Amino acid sequence: MPSHLGLGRARVVLVGLAAASVLAAGCAVGPDYVRPEVEEPAQFKSQARGEAAPPIPAEWWRLYGDPELDQLIVTATASNQSLRQAVARVDEARALARVAGSYLYPTVSADPTFSRTRYSANRDSTVTGRQVAQGVTVNNWLIPLDLTYELDVWGRVRRSFESAKAQAKASAHDVGVVRLTVETDVARYYYTLRWLDAQTQILAGTVVSYREQVRLLSAQLRTGLVSAIVVSQAQAQLQATLAQQRDVERARADQEHALAILCGRPAPSFAVARNPLHETSPPALPPGFPAQLLVRRPDVALAEQTVVATNAQIGVATAEFYPRFMLMSSAGFESANLATLFNWQSRVASISPSISIPIFQGGRLRANLAASRARYEQTVGTYVNQVLVAYGDVEDALTDLHAFSDEVGRLREAVGASQSYLRLAQVQYRQGLADYLIVIDAERTLLANQLSLAQAVNLQMAASVHLIKALGGGWSPAEDPASNQRSADGSPVSGASR
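Just so it is clear, the model here is predicted, and its values are computed rather than measured.

### Quick notes on the overall build of the protein
Thinking step 1. Per the secondary structure count, the protein includes nine helices and five strands.
Thinking step 2. N-terminal to C-terminal, the α/β element order of the protein is α-α-α-β-β-β-α-α-α-α-β-β-α-α.
Thinking step 3. Expressed as a percentage of its 498 residues, the buried residues of the protein come to 39%.
Thinking step 4. Look at the contacts in the protein between residues 6 or more apart in sequence, and 83% of them connect residues 24 or more apart.
Thinking step 5. Of the roughly 27200 Å² of accessible surface on the protein, 56% is carried by carbon and sulfur atoms.

Below, the structure is given as structure tokens:
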């Protein structure tokens, strides 16, 4: 057959297969994604009236008006190592998505070779069958361009690419989860530090008062005005308070070390200035409608993209039941002499379309499809449960915030009453109308209420931070944590040919 006729037929076959691929481009077996249904309550029961709420700002921590907190969160988002790992996972997932997308295109490679072969003089000729008269040395230069292409008739490659893109999006949403966790943990740790500072301040003032009382009572004991038991009680109260003060200092140091790790800083060189937590109040945050959580929270978005990925894998497993069409071709130049290698007469070409039809696989294809469907059901369950967790988180945060707000108000009144109780007890003791035990009881009552108030304020702030986290913070699905030099589908802006 003349070479030009062979090449012509090859071109016809190539064009025909390419046309079939184009016609089948809209055909992809397997189910298209549909968001799983989840019951959506009309409103949160812990709020008076459900109403749409404005989005929480990206830098939500500025709502608290604390420059120290602002700086700590900025440091943490820039240096936290968990967040750094999550961003690197996004880069990895997007790179793998580009790998999956590369199979939509032909693979072309150049494989130049050179061989020099010495044939024996004692061999038989392949033409005459007789022994040749002499040996011969043959050179062969070959520069081919090889093309391999799978015609994605049933959408196997496209479904794989769809799954990889969804996994990349899930990784990006995971960065939102990690970032929001880091931000809210910094806020909680910071307010816990300030609560410990408040305890330290309260205990320090109490210790000063107790020391003075021990000094006065010891002087009265020497003059016979009080008994030794009263001095012993005062000393016991002082020492117990000193031990409590030391324990609070230890707890503050541990909390500061944990905050240093969150901020990506070494603990020995990290310090937070003391700032007692007293009159701080959290910002008002309307929760909005429950349905808004589906687009507000990164963990819900992550779970949904995982469902998208496993749904596409069902299509990949389904496509394995259908024939696979492959196209392999090669074209280039071949010559025994380097000087004539690129002559037109040295051209070579071949085309080898093939089809692979699954006939018997021992049940492997059905098992793979069943496994894909089972994985999909698992991710659907995870997604639905994550939505339910989101609803519960908001309800918990609202309940806690309301309860602690009421508790703070009542404890403020209790502290005021305890201060009055102590003043009256001291007056009655000095006038000889009451035993010193009533003063000790009043002091203990005041200290306990002051510490309870400081703890309630901390819990109120923690509930506020929890509500912000439950509502998704300032996260937006459009944020790009890894790189802004990416296209919408995760492919690179340049260098896509490789």
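On we go.
### Examining the pattern of salt bridges
Thinking step 1. Evaluated as defined, the whole model comprises 21 salt bridges.
Thinking step 2. Of the charged contacts, one joins Glu-150 and Arg-324 as a salt bridge, the two residues approaching to 3.6 Å between their closest N and O atoms. Remark: Arg-324 occurs in strand 4 (residues 324-335) and Glu-150 occurs in strand 3 (residues 136-151); sequence separation between them is 174 residues.
Thinking step 3. On the basis of relative accessible area, Glu-150 is assigned to the buried category, the value being 14%.
Thinking step 4. The partly exposed category is assigned to Arg-324, whose relative accessible area is 30%.

### Digging into the environment of Ala-403
Thinking step 1. Considering the arrangement of structural elements, one finds Ala-403 in helix 8 (residues 364-430).
Thinking step 2. Taking the relative accessible area as the measure of exposure, Ala-403 reaches 41% and is therefore partly exposed.
Thinking step 3. Residues Ala-403 and Ala-463, spaced 60 residues apart in sequence, show a C-alpha to C-alpha distance of 9.7 Å.

### Thoughts on helix 7 (residues 298-319)
For an α-helix, 3.6 residues make a turn, and residues three or four places apart therefore share a direction.
Thinking step 1. In this model helix 7 runs 32 Å from its N-terminal to its C-terminal C-alpha over 22 residues, within 8% of the 32 Å that 1.5 Å per residue would give.
Thinking step 2. A large share of helix 7 lies buried, amounting to 19 of its 22 residues.

### Some remarks on the pairing of strand 4
Thinking step 1. Sheet topology places strand 3 next to strand 4; 11 bridges connect them, and they run antiparallel. Within the sheet, the bridge partner assigned to Asp-146 lies in strand 4 and is Ser-330.
Thinking step 2. Inspection of the sheet shows strand 4 paired to strand 5 (residues 347-356) by 10 bridges, in the antiparallel sense. In the sheet register, Phe-333 faces strand 5, and the bridge partner there is Arg-347.

### Re the confidence of the model for the protein
Thinking step 1. Across the protein, pLDDT averages 83, with 87% of residues at or above 70.
Thinking step 2. Every residue in residues 1-10 is under pLDDT 50, and counting partners more than four places away or in other chains gives six contacts.
Thinking step 3. A low-confidence stretch, residues 481-498 stays under pLDDT 50, and its non-local contacts, those more than four residues away or across chains, total 23 contacts.

### Details of the environment of Pro-290
Thinking step 1. Mapping Pro-290 onto the fold places it in the loop between helix 5 (228-262) and helix 6 (293-296).
Thinking step 2. Measuring from C-alpha to C-alpha, the distance between Pro-290 and Glu-40 comes to 6.6 Å, with 250 residues separating the pair along the chain.
Thinking step 3. If near-sequence neighbours (up to four positions away) are discounted, Pro-290 is found in contact with Pro-41, Ala-42, Gln-43, Phe-44 and Tyr-391.

### Quick look at the environment of Asn-368
Thinking step 1. Take Asn-368: it is sitting in helix 8.
Thinking step 2. Separated by 50 residues in sequence, Asn-368 and Thr-318 place their C-alpha atoms 8.8 Å apart.

### Comments concerning the packing of aromatic side chains
When we look at a pair of aromatic rings, we describe it by the centre distance and by the angle of the planes.
Thinking step 1. On inspection of all chains with the given rule, the structure shows seven aromatic pairs.
Thinking step 2. Between the aromatic rings of Trp-60 and Tyr-64, the centroid separation amounts to 6.3 Å while the plane-to-plane angle is 75 degrees, which identifies the pairing as edge-to-face.
Thinking step 3. The exposure class of Trp-60 is buried, given its relative accessible area of 0%.
Thinking step 4. The buried category is assigned to Tyr-64, whose relative accessible area is 11%.
Thinking step 5. Where Tyr-64 meets Tyr-191, the ring centres are 5.9 Å apart and the plane angle is 50 degrees; that geometry is what we call tilted. Here Tyr-64 is found in the loop between helix 1 (3-23) and helix 2 (67-79), whereas its partner Tyr-191 is found in helix 4 (residues 156-222), with 127 residues between them in sequence. In terms of burial, Tyr-64 and Tyr-191 fall into one category: buried.
Thinking step 6. Aromatic ring contacts, followed pair by pair, group Trp-60, Trp-61, Tyr-64, Tyr-190 and Tyr-191 into a single cluster.
Thinking step 7. Over the ring of Phe-161 we find Lys-165; its NZ or CZ atom is 4.8 Å from the centre of that ring.

### A word on the side chain of Arg-297
Thinking step 1. Topologically, Arg-297 is positioned in the loop between helix 6 and helix 7.
Thinking step 2. Judged by relative accessible area, which is 5%, Arg-297 ranks as buried.
Thinking step 3. Within polar-contact distance, the side chain of Arg-297 engages the backbone oxygen of Ala-470 at 2.9 Å.
Thinking step 4. Residues contacting Arg-297, with those up to four places away along its chain left out, are Gln-386, Ala-390, Asp-393, Lys-469, Ala-470, Leu-471, Gly-472 and Trp-475.

### Regarding the packing of helix 4 against helix 9 (residues 436-470)
Thinking step 1. Following both chains from N to C, one finds helix 4 and helix 9 inclined at 170 degrees, their axes separated by 9 Å at the closest point. Compared by their axis directions, helix 4 and helix 9 come out roughly antiparallel.

Parameters and conventions
- Within any chain, residue numbers begin from 1 and follow the written order of that chain's sequence.
- In keeping with the predicted nature of the model, local features appear solely for residues at pLDDT of at least 70, side-chain atom pairs appear and are counted solely at 80 or more, and the whole-chain, interface and lining totals rest on all residues.
- Excluded from the side-chain calculations are hydrogens and water; all other atoms, namely the structure's heavy atoms, are used.
- Every helix listed is a DSSP run of H or I at least four residues long, and every strand listed is a run of E at least two residues long, numbered separately from the N terminus.
- Burial classes follow relative accessibility: with a 1.4 Å probe on protein chains only, a residue under 20% of its type's maximum area counts as buried, one over 50% as exposed, and anything between as partly exposed.
- When checking whether two residues touch, look at their non-hydrogen atoms; a contact exists if any pair is within 4.5 Å.
- For every accessible area listed, the method is Shrake-Rupley and the probe measures 1.4 Å; residues are considered covered only by the protein chains on display.
- Any Lys or Arg side-chain nitrogen located within 4 Å of an Asp or Glu carboxyl oxygen qualifies as a salt bridge.
- Multiplying 1.5 Å by the helix residue count minus one yields the expected span of that helix.
- Here, a strand pair is defined by DSSP locating no fewer than two bridges between the strands.
- Confidence of the predictor in every single residue is expressed as pLDDT, which spans 0 to 100.
- Here a Phe, Tyr or Trp ring, Trp counted by its six-membered ring, pairs with any other such ring whose centre lies within 6.5 Å, and the pair is stacked when the planes are under 30 degrees apart, edge-to-face when over 60, and tilted otherwise.
- Definition used: whenever NZ (Lys) or CZ (Arg) falls within 6 Å of the ring centre and also within 35 degrees of the ring normal, the charge is taken to sit over that ring.
- Polar contact is defined as a pair of N or O atoms within 3.5 Å, subject to the rule that within protein one atom must be able to donate a hydrogen and the other to accept it, and that residues adjacent in sequence are counted only when both atoms are side-chain atoms.
- Angles here are taken between N-to-C directions and fall from 0 to 180 degrees, while the axes themselves are lines fitted to C-alpha atoms, restricted in helices to the stretch in contact.
- Angle categories are assigned with fixed cut-offs, so that under 35 degrees is roughly parallel, over 145 is roughly antiparallel, 65 to 115 is roughly perpendicular, and the rest are oblique.

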